[in-house]
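As a plain string of letters, each chain reads:
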Amino acid sequence: MKKTFVLDTNVILHTPLALNSFADNDIVIPAIVLEELDRFKKDSSELGANARLAARFIDELREKGDLIQGVPIPSGGTLRVELNCTNVTLPDSWPDHKNDNRILKVCMGLMDEGENVFLVTKDIFERIKADLLNIPVQDFLAEQVPSYEEQYRGILEVYTNDLSIDQFYETGKIDIRDVFEYSQTAGSQEPVLVVNQFLIIHSYSDENKSALGRFNGEEIVCLQHSSKHPFGITPKNANQKFMQEALMLDADIAPLVIFKGPAGTAKTFYSLAVGLHKIMNEKDDSYRKILVCRPNIKMDEEIGFLPGNEQEKIAPFMRPIIDNLEILIDSNSSERYKNEVELKDKIDELFERNIITTEAIAFIRGRSIVKQWIIIDEAQNLTPRQVKGIITRAGKHTKIILIGDPGQIDHPFLDSRTNGLCYASEKMKESPLCFQLTLSEKDCERSELAFESSRRMK
């Protein structure tokens, strides 16, 4: 039976191409949704761009037929605009003038006419209210990835014999046929490896014997940079050695790096350390500068009212970057904060010399960024469309590092299955150009309190 999907405004603003994502079913856009889209058409933000894209799509259909009666769309279904159903009655406590309620009235009116209606919205409260009215409701799931527990983690523990580990240290490689996975439920089995996946290789006869490696698509090879100390930093555990390996590899080999995990696991810290090492300590000129962006910076009309230039406006949002730089610039913890003025001057110099620059996510759109070390912090607050826009901005010899914690999403319409960080992780996991790693609470290096809170406050 053909379905009628009623789209909420947030679905179109989040993914404008959703208008062509419902196969041969009918799409209904309530008139109030057009009004809400109209309010975004002049925004310079991603929402404004999405509203304009949706408007062009609907306008093209308008020229082909009657939007009230319905116009065929490329997916095989039809799209129509439905005027508000004023004859529908809502519960007394629900005001008729509220936009969400007007969308619910359209759903109820169409159901009364016998249509097989489904409301599609990313608004959790709208879904709850629809359920109370017995309106079938669902989220828009076209860009949804598996649950966080099932997502690719970039690391695997395998087992082999003592001789293979000894040969691995001698030759720097091991055949994938010589290792196996083991679990109490499934026993031993041949591992299914992903290109650039990091491996902890255990001896099955000696628990104290192990090695670290990476699957290069053909065989398991040793790490090239695990013994190095970028910007004076020494990796403290296996996962930090894996982070260091992904970051130290040239942009031609590893142009995209993705780190997921909770706060305090040194994701941003290590990314800054290796970036500074590459630019300030190495003799080549691989990168021109470090560019740091955070997606929770709103460079739209709201922040436009704040005083100052672009850098002054976004400076408050970059405080976590400054905190990490304070530790990197002065590694002596006992002396670091005795002269705050001198420490600040050293950090300010990095920005004044353009070794480090900061920029709003909105300003990356349309650019081609060449020979830069790009850190996208708090990337869990990106949409899939935004993360694609960022990755496709990479020019030659540019390295992009996406960092974030899917457990700390601030975006109202994103979760651990729909945010840009996890979306990029899943879509890029088999690319030879992408290296990634998911960290856990046990990797927390910030402090004992940070580790304890991460473990307990899940």
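By convention here, each chain's residues receive numbers from 1 onward along its written sequence. The predicted origin of the model limits local features to residues at a pLDDT of at least 70 and limits the giving and counting of side-chain atom pairs to 80 or more, whereas totals for whole chains, interfaces and linings rest on all residues. In computing side-chain values, all of the structure's heavy atoms are included and hydrogens and water are not.

Chemist: Looking at this structure, I do not really get the overall build of the protein chain. What am I missing?
Modeler: When helices and strands are counted, the protein chain shows 15 helices and 19 strands. With the principal axes as the frame, the protein chain shows a C-alpha extent of 75 × 60 × 40 Å. Each residue is placed in one exposure class: buried if its accessible area under a 1.4 Å probe, protein chains only, is under 20% of its type's maximum, exposed if it is over 50%, and partly exposed if it falls in between. For the protein chain, buried positions account for 51% of its 458 residues. We call two residues contacting when some pair of their heavy atoms lies within 4.5 Å. Residue pairs at least 24 apart in sequence account for 67% of intrachain contacts in the protein chain once pairs closer than 6 positions are excluded. Surface accessibility of the protein chain: about 22600 Å² in total, with carbon and sulfur atoms responsible for 49%. Placing the 55 positive and 72 negative side-chain charges of the protein chain at their respective mean positions leaves the two points 3 Å apart. In this text, helices come from DSSP runs of H or I with a minimum length of four residues, and strands from runs of E with a minimum of two, each type numbered from the N-terminal end. Each accessible area is a Shrake-Rupley estimate made with a 1.4 Å probe; only the visible protein chains count as cover when residues are assessed. Just so you know, the count uses Lys and Arg for positive and Asp and Glu for negative, and it drops His and the chain ends. Each charge is placed at NZ for Lys, CZ for Arg, CG for Asp and CD for Glu.

Chemist: In this structure, what is going on with the sheet that holds strand 4 (residues 78-82)? I would like to understand it.
Modeler: Sheets are built from strands that pair by backbone hydrogen bonding, the pairs being arranged parallel or antiparallel. If you trace the six strands from one edge of the open sheet to the other, you get 3-4-2-1-5-6, paired in mixed fashion. The sheet terminates laterally at strand 3 (71-72) and strand 6 (137-138), the two strands that pair on one side only. Where strand 2 (residues 26-30) lies against strand 4, five bridges are found, and the strand directions are parallel. Residue isoleucine 27 lies in a different strand from strand 4, and its bridge partner there is leucine 79. Packing against the sheet, helix 2 (residues 31-38) makes contact with strand 1 (4-7), strand 2 and strand 4, and its axis sits at approximately 65° to strand 2. Each axis is a line fitted through C-alpha atoms, and for a helix only the stretch in contact is used; angles between axes span 0 to 180 degrees, taken between their N-to-C directions. The strands touched by helix 4 (residues 99-112) within the sheet are strand 1, strand 2, strand 4 and strand 5 (117-120), with strand 5 carrying the most contacts at an inclination of about 165°. Between any two strands, at least two bridges found by DSSP are needed for them to pair.

Chemist: Explanation requested: unusual backbone geometry in the structure shown.
Modeler: Phi is mostly negative for residues that are not glycine, and the peptide bonds are mostly trans. Positive phi is not limited to glycine here, since asparagine 196 has a value of about 75°. Following the sequence through the fold, asparagine 196 ends up in the loop between strand 10 (187-189) and strand 11 (198-203). Here alanine 266, not a glycine, exhibits a phi torsion of approximately 70°, which is positive. Mapped onto the elements, alanine 266 comes out in the loop between strand 14 (256-260) and helix 8 (267-281). The exposure class of alanine 266 is buried, given its relative accessible area of 15%.

Chemist: I keep staring at the environment of alanine 251 and nothing clicks. Help me out?
Modeler: Within the secondary structure, alanine 251 sits in the loop between helix 7 (238-248) and strand 14. On the basis of relative accessibility, which here comes to 8%, the residue alanine 251 falls in the buried class. Each C-alpha atom of the pair alanine 251 and cysteine 444 lies 27 Å from the other, and the pair is 193 residues apart in sequence.

Chemist: I'm lost on the state of the cysteines in this one. Help?
Modeler: The term disulfide refers to a covalent linkage connecting the sulfur atoms of a pair of cysteines. The rule for a disulfide is simple: a pair of cysteine sulfur atoms within 2.5 Å. Going through the model one piece at a time under the given rule, you end up with zero disulfides. A disulfide-free cysteine, cysteine 293 has its sulfur positioned 18 Å from the sulfur of cysteine 434, the nearest such atom. Given a relative accessible area of 0%, cysteine 293 falls into the buried group.

Chemist: Is there a simple way to think about the sheet that holds strand 16 (residues 356-358) in this case?
Modeler: Strand order in the open sheet formed by six strands is 16-15-17-18-14-19, and the pairing between neighbours is parallel. Each of the sheet's edge strands pairs with one partner strand only, and the pair in question is strand 16 and strand 19 (434-438). Averaged over all pairs of adjacent strands, the angle between their axes in this sheet comes to 15°, without regard to strand direction. Examined bridge by bridge, strand 14 and strand 19 share five bridges and lie parallel to one another. Across the sheet, the residue bridging to leucine 256 is cysteine 434, located in strand 19. Strands strand 14, strand 17 (372-376) and strand 18 (399-404) of the sheet are contacted by helix 13 (residues 384-391), whose axis makes an angle of about 155° with strand 18.

Chemist: How do you make sense of helix 4 when you look at a structure like this?
Modeler: Given 3.6 residues per turn, any residue in an α-helix points the same way as the ones three and four places further on. By this rule the span expected of a helix is its residue count minus one, scaled by 1.5 Å. Spanning 14 residues, helix 4 covers 20 Å between terminal C-alpha atoms, matching the ideal 20 Å at 1.5 Å per step. Most of helix 4 is tucked away, with 11 of its 14 residues classed as buried. Listed as buried for helix 4 are Asn99, Asp100, Asn101, Ile103, Leu104, Lys105, Val106, Cys107, Met108, Gly109 and Leu110. Buried residues in helix 4 make contact with strand 1, strand 2, helix 2, strand 4, strand 5 and helix 5 (124-132). Count one or two residues on from helix 4 and you reach glycine 114, which has phi positive near 95°.

Chemist: Can you walk me through the pairing of strand 1 in this structure?
Modeler: Regular strands place their side chains on alternate faces of the sheet. Residue alternation in strand 1 divides its side chains into two sets, Thr4 and Val6 and Phe5 and Leu7, and both sets are buried. Taken together, the four bridges between strand 1 and strand 5 define a ladder with parallel strand orientation. Residue pairing for strand 5: threonine 4 is matched across the bridge by valine 117. Bridge count between strand 1 and strand 2: three bridges; the pairing is parallel. Residue pairing in the sheet places phenylalanine 5 in a bridge with isoleucine 27 of strand 2. The handedness rule is simple: strands pointing away from the viewer, and a clockwise path from the first strand over the helix to the second, make the crossover right-handed. The β-α-β motif built from strand 1, the intervening helix 1 (residues 9-14) and the parallel element strand 2 has right-handed crossover chirality.

Chemist: Explain the packing of aromatic side chains here, please?
Modeler: Two descriptors summarise a pair of aromatic rings, namely the distance from one centre to the other and the angle between the planes of the rings. The pairing test for Phe, Tyr and Trp rings, Trp by its six-membered ring, is centres within 6.5 Å, and the orientation test on the planes gives stacked under 30 degrees, edge-to-face over 60, and tilted for anything in between. Scanning all chains against the criterion turns up nine aromatic pairs. Taking the centre distance of 5.8 Å and the plane angle of 35° together, the rings of phenylalanine 5 and phenylalanine 118 count as tilted. Highlighted residues: phenylalanine 5 in strand 1 and phenylalanine 118 in strand 5, separated in sequence by 113 residues. The buried category is assigned to phenylalanine 118, whose relative accessible area is 17%. Grouping aromatic residues by their ring pairs yields a cluster made of Phe5, Phe22, Phe118 and Phe140. Seen from the ring of phenylalanine 118, lysine 3 lies directly overhead, with NZ or CZ sitting 5.0 Å from the centre. Our definition puts a charge over a ring when NZ of Lys or CZ of Arg is within 6 Å of the ring centre and also within 35 degrees of the ring normal. When the ring centre of tryptophan 94 is taken as origin, the NZ or CZ atom of lysine 129, which lies over that ring, is 5.1 Å away.

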